[in-house]
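Below, each chain spelled out in residue letters.
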Amino acid sequence: MQSSFSLFFGALLVCAIALRTAPDVSAEVARETQENIQIHDGFQSQEQKDIKAEQAVKANKDLFALQLSDQTSVKKSDGIVDPCANIKCASPLNCPGGFRAETVEGHCCPYCVNPDIKLEAEVKGATGSSGGAASTFCKDVWCFPTMCTGTLEQPTTTNGKCCPSCPA
């Protein structure tokens, strides 16, 4: 009985040691740490290249002339060349009958424009003027008449439909 107890206790001890021993992962952790440093170094070198490229653009007078003083017009002071300076416009601009010469800010030359022509927006979006109506159950959805010859299946809160539809 004592030998079977010793044998059982010995087997239990071996199992406990096997369970408490974990594989050594320190080498794997060190390798992954090195990868993180390499990724960071890559981003840092890329940032340094970007800074050098930006400084080169600022130092180049031709590229500097392309920088805008604001979002709508090019600087015309401090030695920056006016982009319209070398463009020869029709002078005087002779417009046909019903048209008149009109200058547009940001353009070099005037245009012949007919003041009687009114341009309207091409697209208005759904308005319901063709028989459509806003969906009761779905936001930003318009429902239009169907071509069903039978009974329409109406939308409800439970069937997931936005508009009336033809049953299959």
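Note: the structure precedes this text.
Bear in mind that the values here come from a model prediction, so they are computed numbers and not experimental data.

Draft legend 1. The pattern of salt bridges, seen in detail. Across all of its chains, the model carries one salt bridge by this definition. Between Arg100 and Glu102 there is a salt bridge, and its shortest N-O distance comes to 3.5 Å.

Draft legend 2. Representation of the state of the cysteines within the structure. Inspection of every chain in the model, using the stated rule, returns six disulfides. The disulfide that involves Cys89 links it to Cys109, with 1.8 Å between the sulfurs. Looking down the S-S bond of the Cys89 and Cys109 bridge, the torsion is -80°, so its handedness is left-handed. Taken together, the residues span a long stretch of sequence, with Cys89 in the loop between α3 (61-64) and β1 (100-102) and Cys109 in the loop between β1 and β2 (111-113) at a distance of 20 residues. Its relative accessible area of 24% is what places Cys109 among the partly exposed residues. Here Cys138 is linked by a disulfide to Cys162, with a sulfur-sulfur distance of 1.9 Å. What sets the handedness of the Cys138 and Cys162 disulfide is the S-S torsion sign, and at about -80° it is left-handed. Taken together, the residues span a long stretch of sequence, with Cys138 in the loop between β3 (133-134) and β4 (142-143) and Cys162 in the segment after β4 at a distance of 24 residues. For Cys138, a relative accessible area of 19% gives the class buried.

Draft legend 3. Representation of the environment of Lys118 in the model. Within the secondary structure, Lys118 sits in the loop between β2 and β3. A distance of 3.2 Å separates the side chain of Lys118 from the backbone oxygen of Pro115, its partner in a polar contact.

Draft legend 4. Layout of the side chain of Ser135. For Ser135, the location among the structural elements is in the loop between β3 and β4. A relative accessible area of 11% means that Ser135 is categorised as buried. Those residues in contact with Ser135 that lie beyond four places of it in its chain are Val141, Trp142, Cys143 and Cys162.

Draft legend 5. Up close: the side chain of Asn114. As for its placement among the helices and strands, Asn114 is situated in the loop between β2 and β3. Residue classification places Asn114 among the buried positions, given a relative accessible area of 19%. At 2.8 Å, the side chain of Asn114 and the backbone nitrogen of Asp116 are in polar contact. Every residue in contact with Asn114, bar those within four places of it in the chain, is listed here: Gly98 and Phe99.

The rules behind these values
- Residues numbered from 1 in each chain as written.
- Predicted model: local features only at pLDDT ≥ 70, side-chain atom pairs only at ≥ 80, totals over all residues.
- Heavy atoms only, no water.
- Salt bridge = Lys/Arg side-chain N within 4 Å of Asp/Glu carboxyl O.
- Disulfide = S-S within 2.5 Å.
- Helix = DSSP H or I, 4+ residues; strand = E, 2+ residues; numbered from the N terminus.
- Buried < 20%, exposed > 50% of the residue type's maximum accessible area, 1.4 Å probe, protein only.
- Polar contact = N/O pair within 3.5 Å; in protein donor to acceptor, adjacent residues only side chain to side chain.
- Contact = heavy atoms within 4.5 Å.

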